[in-house]
Protein chains: 2
Amino acid sequence: MTAAPDFEQLLRGADLRVTRPRLAVLGAVHAHPHADTDALISAVRADASVEGEVSHQAVYDVLRALTAAGLIRRIQPSGSVARYETRVGDNHHHVVCRSCGAISDVDCAVGHVPCLTATDDNGFVIDEAEVVYWGTCPDCITVPSS
Amino acid sequence: MTAAPDFEQLLRGADLRVTRPRLAVLGAVHAHPHADTDALISAVRADASVEGEVSHQAVYDVLRALTAAGLIRRIQPSGSVARYETRVGDNHHHVVCRSCGAISDVDCAVGHVPCLTATDDNGFVIDEAEVVYWGTCPDCITVPSS
DNA sequence: CTCCTTTTCTTGAATGATTCAAGATCTGAC
DNA sequence: GTCAGATCTTGAATCATTCAAGAAAAGGAG
């Protein structure tokens, strides 16, 4: 895993105020890629740099602000709650296990800007192509069913 | 739009019992591609062939049964509720308008089995690649904002 | 450093899609 | 026609997410 970037600089660079909850959330998302909001709330509250509590509402607000600023990316495969990751900018996608819901990163097979040119875009102006691969993860393959 | 297929035959072919609610739901999904559950419930209740009411629970159950049988496909872009379509089997994808949520079909630019070979699948056994294009629909382009 | 404005966080409640549960009804096979 | 099991009805519960109003903190100006 890469070293933790300077979260404070990231926030300032995005014209966002630097607050403890934001630093904690940013750190939590970085430390737990693909974690859902609930897990992030727990991680933030376990963070030593945050003495008191952090309300769940604050985490929701911060996640939205960070997503809007492009510092984190929100993913939400069908049947799952929202999940977040700090890996942004590169064009990578995800494999989701149908059995246990595990998510893993994958680089696109096609190239840097995958599938971005739809054959017939129906007049839509497309700015992003999101790819979700569905399958079964190694764990669920070796242990077929319980 | 293609002619309505024989829904009863479709159900029997999938080893599903033929009931009025199922025929009505199948017809509603066929008539309203990309409709959400709520819209489908309304469509089903407006269906003349269904005299009495049909409970929302029945529609949920039917949608799940039809999806499991592969007669319909469930899609759920981030931030949207579940939507359904009868176009299955071909490998097509969707464009979603960030502004109004409109969904339109698109054929894959890459080929018949798009992106299905991830460069590094992390040990996952992939069986489907789902592509969602994000952008702005024609209506929301001409009428930028309200 | 102190004050002020605006943004952000806390507390507490509400929303709404979806699911759970138990019993009644209907389907399809014999 | 009868029967077992699948399916539907009714009614309530779940839970991620959002809404709302006031308190607290951030950052720029003086």
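Scoring rules and cut-offs
Residues numbered from 1 in each chain as written. Chains lettered and ligands numbered in written order. Predicted model: local features only at pLDDT ≥ 70, side-chain atom pairs only at ≥ 80, totals over all residues. Heavy atoms only, no water. UniProt positions renumbered as here; feature names shortened; annotations may be inferred. Near = heavy atom within 4 Å. Polar contact = N/O pair within 3.5 Å; in protein donor to acceptor, adjacent residues only side chain to side chain. Helix = DSSP H or I, 4+ residues; strand = E, 2+ residues; numbered from the N terminus. Nonpolar A, V, L, I, M, F, W, Y, C, P; charged D, E, K, R; others polar. Contact = heavy atoms within 4.5 Å. Pairing = 2+ DSSP bridges.

Chain A is annotated in an unreviewed UniProt entry as Transcriptional repressor of Nocardioides humilatus. What UniProt records for chain A under Sequence similarities (unreviewed entry) is the sentence "Belongs to the Fur family." UniProt, in the comment section headed Subcellular location (unreviewed entry), describes chain A in these words: "Cytoplasm".

Visitor: Which parts of the structure should I look at to understand the protein's contact with DNA strand D?
Guide: Every one of the 21 residues lining DNA strand D counts as a neighbour, but Gln57(A), Thr19(B), Arg22(B), Ser55(B) and Ala58(B) are closest to it. One of the side-chain N or O atoms of Arg17(A) is found 3.0 Å from a base nitrogen in DNA strand D. Between DNA strand D and Thr19(B), the relevant distance is 2.8 Å, taken from a phosphate oxygen to a side-chain nitrogen or oxygen of the residue. At the level of secondary structure, the elements contributing two or more residues to the surface near DNA strand D comprise α4 (56-69) of chain A together with α2 (20-31) and α4 (56-69) of chain B. For the surface near DNA strand D, the per-class residue count stands at 8 nonpolar, 7 polar and 6 charged.

Visitor: Teacher, can you tell me more about the UniProt feature "binding site: Zn(2+)" (unreviewed entry) in chain A here?
Guide: The UniProt feature table records "binding site: Zn(2+)" (unreviewed entry) at Cys97(A), Cys100(A), Cys137(A) and Cys140(A). Of the residues just listed, which span 44 residues, no C-alpha pair is farther apart than 8.1 Å, and they cluster in one region. You can see Cys97(A) is positioned in strand β4 (residues 92-97). Not counting residues up to four positions away in its chain, the partners in contact with Cys97(A) are Ala102(A), Gly135(A), Thr136(A), Cys137(A), Cys140(A) and Phe124(B).

Visitor: Could you clarify how one ought to interpret the pairing of strand β6 (residues 125-136) of chain A in this entry?
Guide: Remark: a regular strand shows side chains that alternate across the two faces of the sheet. Where β4(A) meets β6(A), 4 bridges bridge the pair, whose relative direction is parallel. Along β6(A), the bridge assignment pairs Cys97(A) with Gly135(A). By the bridge criterion, 11 bridges tie β6(A) to strand β6 (residues 125-136) of chain B in an arrangement that is antiparallel. By the bridge assignment for β6(B), Gly135(A) is matched with Ile126(B).

Visitor: Help me out: how do you make sense of the protein's contact with DNA strand C in this one?
Guide: The local shell around DNA strand C holds 21 residues, among which Thr19(A), Arg22(A), Ser55(A), Val18(B) and Gln57(B) are the closest. Here, DNA strand C places atoms within 4 Å of the protein, and 67% of those atoms are sugar or phosphate. A distance of 3.2 Å separates a base oxygen of DNA strand C from a polar atom in the side chain of Arg17(A). Within the side chain of Gln57(B), a nitrogen or oxygen atom sits 2.2 Å from a base nitrogen of DNA strand C. Elements supplying a minimum of two residues to the surface near DNA strand C: α2 (20-31) and α4 of chain A together with α4 of chain B. No other element matches α4(B), which puts 4 residues into the surface near DNA strand C. Here the residues of the surface near DNA strand C sort into 8 nonpolar, 7 polar and 6 charged.

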